[in-house]
Amino acid sequence: MSEPTVNLRNPSLAALLAWAVPGLGHFYQGRTGKGILYAVCILGLYTIGMVMGEGKIVYWRWVNPLSNPEKFCLYYLGQFFVGLASLPALIQGTLHYFGFQPILGGILAEPSQNVLNALNSRLNKLVEIGSIYTCIAGLLNILAIYDAYEGPAYLEVEEPVAERPVEPAVPSGGIPAEGSA
Amino acid sequence: MTLSPVQIYWLTIPLVVAISLVYSASRHESWRRIWGHSFRLCLWIMGILIGATAVLLVINTQV
């Protein structure tokens with residue numbers, strides 16, 4: 001029996017699409033159900049997290065994590081893998097580092113320290129939980145990207161139809177075995 | 001928006017459900033196995049979280 005296969009089409013392109021928009025790589029491969037599942041779960045978590053943090057918890061700043069660990073945006077390492085939804089933060093952080101003004105109306109630009117302080121005092125734990133939600137959304141998308149590139153870890157062979165034990169073609173009356181007469 | 005400490009615990013449920021669904025989907029291609037695996041994984045994670053919370057609560061009440 002031949003093992004079932006998943007048509008991954010162009011795995012590299014599928015992985016890139018899966019990074020850009022969670023689920024898009026699977027849509028490209030024709031795995032629509034999985035694409036919907038990944039999109040709903042990952043983008044759902046990301047959106048809920050962003051709502052909790054009022055859209056101010058995804059940002060990036062270029063600092064050395066060894067010399068300035070308090071300013072280092074650790075959560076963004078996970079958030080980055082949500083793809084295009086979090087990419088503006090990297091662009092804004094890079095522009096800020098080189099002394100340029102934020103673009104796109106300042107979307108996902110680093111908020112000022114006053115804004116962050118006010119957010120933390122007003123929302124308390126929600127800021128942290130929202131950051132965790134968005135970070136885990138990105139980390140989960142790594143699994144989705146890998147699935148788009150490599151396929152699922154286990155490809156189940158279809159279970160064979162239950163085979164009945166071979167019964168001898170003997171009428172109900174039975175034929176006496178040799179020597180039993 | 002503010003939530004009481006008890007309400008905050010409810011926020012773990014969507015997180016656990018999403019984690020178990022995505023993890024299971026990355027392991028299997030058959031929907032039957034995805035649902036089954038994610039359900040079991042969800043129960044495991046919730047069980048461990050509830051157990052750990054109970055242990056910490058007991059320790060806290062003894063201190």
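Thresholds applied
- Residues numbered from 1 in each chain as written.
- Chains lettered and ligands numbered in written order.
- Predicted model: local features only at pLDDT ≥ 70, side-chain atom pairs only at ≥ 80, totals over all residues.
- Heavy atoms only, no water.
- Helix = DSSP H or I, 4+ residues; strand = E, 2+ residues; numbered from the N terminus.
- Buried < 20%, exposed > 50% of the residue type's maximum accessible area, 1.4 Å probe, protein only.
- Areas by Shrake-Rupley, 256 points an atom, 1.4 Å probe, with all protein chains shown as cover.
- Axes fitted to C-alpha atoms, helices over the stretch in contact; angles between N-to-C directions.
- Parallel < 35°, antiparallel > 145°, perpendicular 65-115°, else oblique.
- Left-handed = near helix turned anticlockwise from the far one by under 90°.
- Contact = heavy atoms within 4.5 Å.
- Nonpolar A, V, L, I, M, F, W, Y, C, P; charged D, E, K, R; others polar.
- Patch = residues over 30% accessible without salt bridge, like charges linked within 9 Å, V, L, I, M, F, W, Y side chains within 5 Å.
- Salt bridge = Lys/Arg side-chain N within 4 Å of Asp/Glu carboxyl O.
- Buried area = accessible area lost by both parts, 1.4 Å probe.
- Polar contact = N/O pair within 3.5 Å; in protein donor to acceptor, adjacent residues only side chain to side chain.
- 1 Å grid on protein atoms, 1.4 Å probe; cavity = no way out; pocket = protein on both sides within 12 Å on 5 of 7 lines; lining within 4 Å.
- Points joined across faces, edges and corners; volume = space filled by probe spheres on them.
- pLDDT = per-residue confidence, 0-100.
- Phe/Tyr/Trp six-rings, centres within 6.5 Å; stacked < 30°, edge-to-face > 60°.

This part covers the overall build of chain B. Helix and strand counts for chain B stand at three helices and zero strands. The order of α-helices and β-strands along chain B, N terminus first, is α-α-α. Considered along the principal axes of its C-alpha atoms, chain B spans approximately 50 × 30 × 15 Å. Considering chain B as a whole, with its 63 residues, one finds that 25% of them fall into the buried category. Approximately 4400 Å² of chain B is accessible, and the part contributed by carbon and sulfur atoms is 75%.

Let us look at the packing of helix 3 (residues 32-52) of chain A against helix 2 (residues 12-27) of chain B. Each pair of packed helices gets described by two things: the angle between the helix axes and the distance between those axes. Viewed as axis vectors pointing N to C, helix 3 of chain A and helix 2 of chain B meet at an angle of 150 degrees, and their least axial separation amounts to 10 Å. In this view, helix 3 of chain A runs roughly antiparallel relative to helix 2 of chain B, as classed from their interaxial angle. Both helix 3 of chain A and helix 2 of chain B take part in a crossing whose hand is left-handed. On helix 2 of chain B, the residues that touch A:Lys34, A:Leu37, A:Tyr38, A:Cys41, A:Ile42 and A:Leu45 of helix 3 of chain A are B:Pro14, B:Leu15, B:Ala18, B:Leu21, B:Val22, B:Ala25 and B:Ser26. Of the residues contributing to the contact of helix 3 of chain A with helix 2 of chain B, the split by class is 11 nonpolar, one polar and one charged.

Residues and elements named next belong to chain A. On the surface, Val-21, Leu-24, Phe-27, Ile-36, Val-40 and Leu-84 cluster together into a nonpolar patch covering about 490 Å² of accessible area. Looking at the nonpolar patch, the elements with two or more residues in it are helix 2 (24-28) and helix 3. Residue Leu-24 is classed as partly exposed on the basis of its relative accessible area of 33%.

In this assembly, 22 residues from chain B lie in contact with 27 residues from chain A. Taken together, both faces of the contact between chain B and chain A bury some 2200 Å²; the carbon and sulfur share is 72%. Counting across the interface, chain B meets chain A through two salt bridges. Linking chain B to chain A there are 10 residue pairs in polar contact (both at pLDDT 80 or more).

Put simply, the largest pocket is a space of about 400 Å³. Considering the residues around the largest pocket, the lining is formed by 19 residues, among which A:Tyr59, A:Glu70, A:Phe72, A:Cys73 and A:Tyr75 are closest to the centre.

Residues and elements named next belong to chain A. All chains considered together, the criterion is met by six salt bridges over all chains. Across the pair Arg-31 and Asp-147 runs a salt bridge, and its minimum N-O distance is 3.1 Å. Separated by 116 residues along the polypeptide, Arg-31 in the loop between helix 2 and helix 3 and Asp-147 in helix 7 (residues 125-150) bring together distant segments of the chain. Taking relative accessible area as the criterion, Arg-31 reaches 7% and is therefore assigned buried.

Bringing the confidence of the model for chain B into the picture now. Averaged over every residue, the pLDDT of chain B is 91; residues scoring 70 or more account for 90%. Per-residue pLDDT, averaged within each element of chain B, yields its smallest value for helix 1 (residues 5-10) of chain B (80) and its largest for helix 2 of chain B (96).

Let us look at the packing of aromatic side chains. All names here are of chain B. Applying the stated rule across the entire model yields eight aromatic pairs over all chains. Look at Trp-31 and Trp-35: their rings are 5.6 Å apart centre to centre, the planes differ by 35 degrees, and that puts the pair in the tilted class. Remark: Trp-35 and Trp-31 occur in helix 3 (residues 31-62); sequence separation between them is four residues, near one turn of the helix. Overall, the relative accessible area of 48% leaves Trp-35 in the partly exposed class.

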